[in-house]
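Results of the structural survey
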Amino acid sequence: MDMNSWFDRVKEDRKNLSFSKTFACADLSSECMRTFPFDLMKSLPKEDLANKMVIIAKCGSSWEVDISKNPRFYYMEKSGWNQFVRDNALGKNEFVTFTHKGSMCFDVNIYGKDEKEIVRPPIMASSNAIGNLWTALPTIPNLFKKHIPNEQTMFTIHSKGSGCGSWEVWCLVREAQATFSRGWSKFAREYPIEIGDKCTLQLIKPNECVLTISNKAKEEEITVID
């Protein structure tokens, strides 16, 4: 990316409560890479800073990252940050922007060396795709979100079919979006969910839903019944 393009993006970041990082250094988990810009954090409501960061990709995947603070600045904890870096196979001079959408939810845009946006994480096509599917946190559509409690809630997912059973999964609700969180990876691994499965969740109570899975579709779908 040339210097003019870089400066233009930095100016846009300051205007939109965004920040950018270039993934070209040797240590992608260094303190420098995980630090939030001071001006950005100063502009956010203090109550937001108590939340975990949620990074949301255009392909629908999302990552939760713990936030910590030392006397000088806020930074992202290594575990969640490294998972995001690994899942998106970063480290080849990509330019990545994070745009704040509210309550520490950030939309992420990833650009390659040719300045073209990368919409789907490259690792999804690799042999690690199943592991990535189990660890990625699915974003909940607004149609589903408006029917559930507007707070962090423990959901019980009941399955029918060959993988009968029940799993407890936390739902993390923010103003901008909601995601399934702790417990989802265990459920996806034990059911198990495979690439190409179509998952339909039918809400039967405010914090209970029934899962059905079809192997014919190639994308996830979450639906609601009143």
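The paragraphs below set out a description of the structure included in this document. (Residues numbered from 1 in each chain as written. Predicted model: local features only at pLDDT ≥ 70, side-chain atom pairs only at ≥ 80, totals over all residues. Heavy atoms only, no water.)

1. Remarks on the packing of aromatic side chains
Geometrically, a pair of aromatic rings is defined through the distance of the ring centres and the angle of the planes. Our working definition: Classification of ring pairs rests on two measures: the distance between centres of Phe, Tyr or Trp rings, Trp counted by its six-membered ring, which must be within 6.5 Å, and the angle between planes, read as stacked under 30 degrees, edge-to-face over 60 and tilted in between. By the criterion adopted, a ring carries a charge over it if an Arg CZ or a Lys NZ lies within 6 Å of its centre and within 35 degrees of its normal.
Applying the stated criterion across every chain, the model contains 14 aromatic pairs. Three or more aromatic residues joined by ring pairs make a cluster, and in this case those are Phe19, Phe23, Phe36, Trp63, Trp81, Phe84, Phe98 and Phe106. For lysine 69, the ring lying beneath its charged end belongs to tyrosine 74, and the centroid distance is 5.5 Å.

2. Points about the nonpolar core
The condition that has to hold: The criterion is simple. A nonpolar core is a set of buried Ala, Val, Leu, Ile, Met, Phe, Trp, Tyr and Cys residues joined through side-chain atoms within 4.5 Å. Type-normalised accessible area, obtained with a 1.4 Å probe on protein chains alone, sets the label of each residue: buried when under 20%, exposed when over 50%, and partly exposed for intermediate values. Helix and strand definitions here come from DSSP, where helices need a minimum of 4 consecutive H or I residues and strands a minimum of 2 consecutive E residues; each element is numbered from the N-terminal end. Whether two residues are in contact is decided by their heavy atoms, any of which lying within 4.5 Å being enough.
Membership of the largest hydrophobic core comes to 27 residues, with the highest contact counts inside it found for Phe23, Phe36, Met53, Phe84 and Phe98. Where this core is concerned, the elements lending two or more residues are β1 (18-23), α3 (38-43), β2 (53-56), β3 (62-65), β5 (74-76), α4 (78-87), β6 (94-102) and β7 (105-111). For methionine 53, the residues in contact, after removing those within four places along its chain, are Phe19, Phe36, Trp63, Glu64, Val65, Ile67, Met76, Phe98, Met104 and Phe106.

3. Side note on the side chain of serine 29
We count it as follows: Here a polar contact is recorded for every N or O atom pair within 3.5 Å, except that within protein the pair must consist of a potential hydrogen donor and a potential acceptor, and residues adjacent in sequence are included only if both atoms are side-chain atoms.
Positionally, serine 29 belongs in the loop between β1 and α2 (31-34). Side-chain polar atoms of serine 29 contact the side chain of aspartate 27, separated by 3.0 Å. If sequence neighbours within four positions are ignored, serine 29 has contacts with Arg34, Lys78, Trp81 and Asn82.

4. Structural notes on the sheet that holds strand β12 (residues 178-180)
Heads up, the rule is: When DSSP finds two or more bridges between two strands, those strands count as paired.
Strand order in this open sheet of 6 strands is β9-β12-β11-β10-β14-β13, and the pairing throughout is mixed. Among the strands making up the open sheet, the edge pair consists of β9 (139-140) and β13 (198-205). Summarising the sheet, strand β10 (residues 153-159) and strand β11 (residues 165-173) pair through 7 bridges and their orientation is antiparallel. Paired with methionine 154 across the strands is tryptophan 170, a residue of β11.

5. Here's the deal with unusual backbone geometry
Here the phi dihedral of asparagine 93 falls at roughly 65 degrees; this positive angle occurs in a residue that is not glycine. Within the element layout of this structure, asparagine 93 appears in the loop between α4 and β6. Despite not being glycine, serine 103 has its phi angle at roughly 55 degrees, a positive value. Tracing the backbone shows serine 103 in the loop between β6 and β7. Judged by its relative accessible area of 12%, serine 103 falls in the buried class.

6. Some words on α4
Taken together, the buried positions of α4 are occupied by Gly80, Trp81, Phe84, Val85 and Asp87. Positive phi shows up at alanine 89, right after α4, with a value of about 50 degrees.

7. A short note on the environment of cysteine 105
Among the secondary structure elements, cysteine 105 is positioned in strand β7. The class for cysteine 105 is buried, based on a relative accessible area of 0%. In this structure the C-alpha to C-alpha distance between cysteine 105 and alanine 178, which are 73 residues apart in sequence, comes to 9.6 Å.

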